[in-house]
Amino acid sequence: MGEEFWTYFWVVGTFGTYIAIALWARASSTDDFYVAGHDVHPMVNGMATAADWMSAASFLSMAGLIAFLGYGGSVYLMGWTGGYVLLALLLAPFLREFGKFTVPDFVGDRYYSTAARLIAVICALFVSFTYIAGQMKGVGVAFSGFLGVEFNTGIMVGMGIVFVYAVLGGMKGITYTQVAQYCVLIFAYTVPAVFISLIITGNPIPQLGFISNVKGEDVAMLEKLNTVVQDLGFLEYTQSNKSMIDIFAITGALMFGTAGLPHVIIRFFTVSSAGAARVSAGWALVFIALLYTTAPAVASFARLNFIDTVNESTYVASDADYDAAAAAIVADGGKPIPEWFKNWEKTGLLGITDKNGDGIVQYRAGNDNEVTKLDRDIFVMANPSIANLPAWARRRSVYRGGIVDGDLIFSQS
Amino acid sequence: MSETHTKIDGKGYWREVLRLTLALLAIWFAVSYGAGILFRDLLDNLSIGGAPLGFWFAQNGSIYVFVGLIFYYCRAMARLEKKYGLEV
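Residues numbered from 1 in each chain as written. Chains lettered and ligands numbered in written order. Predicted model: local features only at pLDDT ≥ 70, side-chain atom pairs only at ≥ 80, totals over all residues. Heavy atoms only, no water.

Caption draft 1: Local environment of the interface of chain A and chain B. Taken together, the contacts link 42 residues of chain A with 34 residues of chain B. Scanning the region where chain A abuts chain B turns up 1 salt bridge. The partner of Glu81(B) in a salt bridge is Arg278(A), and the shortest N-O contact between them spans 3.0 Å. At the junction of chain A with chain B, the criterion picks out 9 residue pairs in polar contact (both at pLDDT 80 or more). Elements that contribute at least two residues to the side of chain A that touches chain B include exactly α5 (74-98), α11 (244-259) and α13 (274-292) of chain A. When residues in the side of chain A that touches chain B are grouped by element, the largest group, 12 residues, is from α5(A). For the side of chain A that touches chain B, the class distribution of residues is 29 nonpolar, 12 polar and 1 charged. (Contact = heavy atoms within 4.5 Å. Salt bridge = Lys/Arg side-chain N within 4 Å of Asp/Glu carboxyl O. Polar contact = N/O pair within 3.5 Å; in protein donor to acceptor, adjacent residues only side chain to side chain. Helix = DSSP H or I, 4+ residues; strand = E, 2+ residues; numbered from the N terminus. Nonpolar A, V, L, I, M, F, W, Y, C, P; charged D, E, K, R; others polar.)

Okay, here's the thing in structure tokens:
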């Protein structure tokens, strides 16, 4: 089976599933359409909220960002999860209690003012459009790559598909579609994480591997990472060059921002009561935490592994016969550049410049760095191959144009 | 406290809700802004497994506490609603 077949298989399969779910959950009343009839189970709603809210930024970019920022990346971890505490304690149950469909409805009724309601509508539209612009770019890239059409046409096709299942199924259809998305998302994220954790620390649970020793060595994984990055001239991993006040303020902004996202808040209208809304926020955070506590582990493993395999490796220039060239390098006692590096080089997300002409890749901080192109998203996208996963698992992530199917799946929500 | 079932003690209920909310928000603040940011250098002198404690709070620990906080809040609110006869 060729790459082409699997690409079609996954894309047609996922969107086929979504449309099937929408047909099955067809909305038959206003209540069904906007709030799924108020009868979604809190846990199911929590899962749907998690999938709805975790987009390409969480899935694809966050671990890569943390890998580079080290402690500085904590702002995303604390910020994007801490907002749910505010949501559960201060917002969701009270809005649900009021029993309206949307936040502008609530604002308008609570403050007896059409003007306030109008302002709330404008705010909601502004936030939603800003949010969806990023998501739609992902849809455009994915569909244009997959169908081999212009970027704009790709967006139109993607939007058309989303339109069909959103209009058919309403909130109910979207809820169950998102449950399906969450399952795909968390599987695609945690499986490589488990394997890479096993390889580096010998512990299958990434969260525990994160605080364990390096496999077969008497040194903590984070401690080793600190030493390794410092030796190459980078800042210690557990430190940040951001000031404390910056970290404090960014974390705060992200927390309050998360608590106010309209597409998250509206999810709490779909459960049966204020009590159910509280429980649902708890479940949402459980499902989010599954990814969010894995991400920092993945980030540190990936950084360590990247340095370990790429730094001081001998570059293989020819694309044609990697295996033979790599074997020759090993026979000479050298370390060949990993094959996944060569694969991702083609997408332009990775690239080297042999500045000192010694044929060996030096990864450093500063001007001597020979890894001149290093897209941060690579750490998640290349993870399955970095972790040496079997081909069936790898194929799903090596996507034409360098897009993981995961991105495509949730970028539409 | 004398419980009257004919009239709901809304003020008492609300006072308890506020106290609960403030206490939980204090913990919320302490584990993230406190342990993860303001006092992290201090906490980094300790470690959990192989990770500096302050760093761990910022990247993992605070998230676990957040989850616990929300579920505790659910239970406590259900109890309060029962106590004041506000169950639906």
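The discussion continues.
Caption draft 2: Spatial organisation of helix α8 (residues 151-201) of chain A. Compared with the 75 Å implied by 1.5 Å per residue over 51 residues, the 42 Å span of α8(A) between its first and last C-alpha is markedly short. Looking one or two residues past α8(A), Gly202(A) carries a phi angle of roughly 80 degrees, positive in sign. (Expected span 1.5 Å × (residues − 1).)

Caption draft 3: The confidence of the model for chain B, seen in detail. Per-chain confidence: chain B averages 90 in pLDDT, with 92% of residues scoring 70 or above. For chain B, strand β1 (residues 47-48) of chain B is the element with the lowest average pLDDT, namely 91, and helix α3 (residues 53-83) of chain B is the one with the highest, namely 96. (pLDDT = per-residue confidence, 0-100.)

Caption draft 4: Highlighting a positive patch on the surface. Residue and element names in this part refer to chain B. Positive charge collects at one region of the surface, where Lys7, Lys11, Arg15 and Arg19 lie side by side. Of note, arginine 19 is situated in helix α1 (residues 10-38). A relative accessible area of 56% places arginine 19 in the exposed class. (Patch = residues over 30% accessible without salt bridge, like charges linked within 9 Å, V, L, I, M, F, W, Y side chains within 5 Å. Areas by Shrake-Rupley, 256 points an atom, 1.4 Å probe, with all protein chains shown as cover. Lys, Arg positive; Asp, Glu negative; His and termini not counted. Charge placed at Lys NZ, Arg CZ, Asp CG, Glu CD. Buried < 20%, exposed > 50% of the residue type's maximum accessible area, 1.4 Å probe, protein only.)

Caption draft 5: Structural context of the layout of surface pockets. Residue and element names in this part refer to chain A. Computed from the structure, the largest pocket encloses a volume of approximately 1,400 Å³. Mapped onto the lining of the largest pocket, the elements with two or more residues apiece are α2 (30-35), α6 (103-110), α7 (114-147), α8 and α12 (262-265). Considering every element that reaches the lining of the largest pocket, the biggest residue donor is α8, with 12 residues. Looking at the lining of the largest pocket, its residues break down into 26 nonpolar, 10 polar and 2 charged. (1 Å grid on protein atoms, 1.4 Å probe; cavity = no way out; pocket = protein on both sides within 12 Å on 5 of 7 lines; lining within 4 Å. Points joined across faces, edges and corners; volume = space filled by probe spheres on them.)

Caption draft 6: Seen up close, the packing of α13(A) against α3(B). Two elements in contact, α13(A) and α3(B), have axes separated by 9 Å at closest approach and are oriented at 165 degrees. Put simply, α13(A) runs roughly antiparallel to α3(B). Where α13(A) crosses over α3(B), the handedness of that crossing is left-handed. Where α13(A) approaches α3(B), its residues Arg278(A), Val279(A), Ala281(A), Gly282(A), Trp283(A), Leu285(A), Val286(A), Ala289(A) and Tyr292(A) are matched on the opposing element by Gln59(B), Ile63(B), Phe66(B), Val67(B), Ile70(B), Phe71(B), Tyr73(B), Cys74(B), Met77(B) and Glu81(B). Broken down by class, the residue content of the contact of α13(A) with α3(B) amounts to 15 nonpolar, 2 polar and 2 charged. (Axes fitted to C-alpha atoms, helices over the stretch in contact; angles between N-to-C directions. Parallel < 35°, antiparallel > 145°, perpendicular 65-115°, else oblique. Left-handed = near helix turned anticlockwise from the far one by under 90°.)

Caption draft 7: Highlighting the environment of Thr270(A). All names here are of chain A. Mapping threonine 270 onto the fold places it in the loop between α12 and α13. The class of threonine 270 is buried, set by a relative accessible area of 0%. Along the chain, threonine 270 and valine 35 lie 235 residues apart, while their C-alpha atoms are 4.5 Å from each other. Those residues within four positions of threonine 270 in sequence are excluded, and the remaining contacts are Val35, Ala36, His38, Asp39, Val40, Asn45 and Met171.

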